[in-house]
Amino acid sequence: MIHTVLFDLDGTLIDTNNLILTSFQYTLDRYFPGKFTREDLIPFIGESLEESFGSVSRTLTHEMVAVYREHNSRYHDKLVKEFPQVRETLIELKAEGCALGVVSTKKRDMVERGLNLMHMSDFFETVVTSDDVTRLKPDPEPVEKAMSALSAQKDSTIMVGDSPADILAGENAHVLTAAVGWSLKGRSMLERLNPDYLLNSMNDLLGIVRTADVKL
C-alpha cells in the first residue's frame, strides 16, 4: 500500500493556470509585444521561471522574472481556484493514514500563500519549495527531501503532478508516479511519459492508495 503522497501545487492541487499564463503574457508582451500567443506559453508551465525566461532572452531573464513575480503576486488571490475533488480527497487520504507533502518549484512565500488561500495548509506535513533545494524538478532532490522529512520509503510513495518535471522527478527518485488528466499540458503528452497512473479526477487516488496495483 501507499503510505506517502507527494503533490505538485500549481495545476495539480490548485488551479493557477490562468494566473500563470496571464503573468507570462503580461511580462512577455512588455518586452516582446505581439510575439507570444497564449498557446506558446503552455510549455513554460512546470519549469522554473529562470529556465522559461532564459529560453527567451538570457540578458533579460532576471528582469523578466521580477516583472512576472510582481504581476503574479498582485493578481494571485483573484485568479487562483481549487480543483474539483481535491479537498475531499485530501480529507480521505488523511483518514487512511497517509503522510502528505507538497513539492513545488515556486518560492516558499507564494506556495504558502496559495495553500493558505485555499485553506489547505493543515493537510501537509512537509512543503518543499525552490528555496529549500539546490536542484529543481525533474531532479529527484525535491522529492527526496520531502521523503526524508516524512521518513518515507520509495516503494510506498507516489508523486502526483501535472507536468513532465513532476513525473520525471518521481521516476528519478524511484517512486510511483501519477499524472493528472486535467493538466494544461494535455493528457496525451503526459501519457507519453508512461506514469504509473493517470488520474481522471483527484479522487481516483483513493483507489490507488488502497490497492496500488491497478493502473487507470
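It should be noted that the structure appears before, not after, this text.
Because the structure is a prediction, the values reported are computed rather than measured.

Is there a simple way to explain the nonpolar core in this structure?
In a soluble, globular protein the nonpolar side chains are often hidden away together inside. Counting residues in each nonpolar core, the largest one holds 33 residues, and the members touching the most others are Val5, Phe7, Leu13, Leu90, Leu100, Met120 and Phe124. Secondary structure elements with two or more residues in this core: β1 (4-7), α5 (86-95), β4 (99-103), α6 (108-117), β6 (157-161), β7 (176-180), β8 (197-199) and α10 (204-211). Tallying contributions element by element places α10 first for this core, with four residues. Counting 16 residues, the second largest nonpolar core, distinct from the first, contains Phe36, Leu41, Met64 and Val67.

I tried to follow the packing of aromatic side chains on my own but got confused; where do I start?
Think of a pair of aromatic rings as described by two things: how far the centres are apart, and how the planes are tilted against each other in angle. Throughout the structure, instances matching the rule amount to seven aromatic pairs. Ring plane angle 50 degrees and centroid distance 4.8 Å describe the contact between Phe24 and Tyr68, whose orientation is recorded as tilted. Of this pair, Phe24 sits in helix α1 (residues 17-31) while Tyr68 sits in helix α4 (residues 61-79), placing them 44 residues apart in sequence. The burial state of Phe24 is the same as that of Tyr68; both residues are buried. A centroid spacing of 6.3 Å and a plane angle of 75 degrees characterise the contact between Phe32 and Phe36, whose relative ring orientation is edge-to-face. The class for Phe36 is buried, based on a relative accessible area of 15%. By the ring-pair criterion, three or more aromatic residues cluster together here, those being Phe24, Phe44, Phe53 and Tyr68. If you follow Lys35 out to its NZ or CZ, it ends over the ring of Phe32, 5.4 Å from the centre.

For this particular structure, what's the right way to read the pattern of salt bridges?
Between side chains of opposite charge, a pair can form as their charged atoms come close. According to the stated counting rule, one finds 16 salt bridges in the structure shown. Linking Glu50 and Arg69 is a salt bridge whose minimum nitrogen-to-oxygen distance equals 3.7 Å. Here Glu50, found in helix α3 (residues 49-54), pairs with Arg69, found in helix α4; they are 19 residues apart in sequence, far enough to count as distant. Looking at Arg69, the relative accessible area reads 34%, which means it is partly exposed. Bridged by salt links that share partners, the residues Asp8, Lys137 and Asp166 form one connected network.

Got a minute to help me understand the sheet that holds β1 in this structure?
Across a sheet, strands are paired by hydrogen bonds formed along the backbone, either parallel or antiparallel in direction. Judged by pairing direction, the sheet is parallel, and its six strands sit side by side in the order β5-β4-β1-β6-β7-β8 without closing on themselves. Strands at the two margins of the open sheet, each flanked by one partner only, are β5 (126-128) and β8. On average, each strand axis in the sheet is tilted by 20 degrees relative to the strand beside it, whichever way the strands run. In this fold helix α8 (residues 164-172) packs onto β6 and β7, with an angle of close to 170 degrees to the strand it touches most, β7.

Reading guide: rules and limits
- Residues numbered from 1 in each chain as written.
- Predicted model: local features only at pLDDT ≥ 70, side-chain atom pairs only at ≥ 80, totals over all residues.
- Heavy atoms only, no water.
- Core = buried A, V, L, I, M, F, W, Y, C linked by side-chain atoms within 4.5 Å.
- Buried < 20%, exposed > 50% of the residue type's maximum accessible area, 1.4 Å probe, protein only.
- Helix = DSSP H or I, 4+ residues; strand = E, 2+ residues; numbered from the N terminus.
- Phe/Tyr/Trp six-rings, centres within 6.5 Å; stacked < 30°, edge-to-face > 60°.
- Lys NZ or Arg CZ within 6 Å of the ring centre and 35° of its normal.
- Salt bridge = Lys/Arg side-chain N within 4 Å of Asp/Glu carboxyl O.
- Pairing = 2+ DSSP bridges.
- Axes fitted to C-alpha atoms, helices over the stretch in contact; angles between N-to-C directions.
- Contact = heavy atoms within 4.5 Å.

Note that every value here comes from positions in space, so none of it alone points to a role or purpose.
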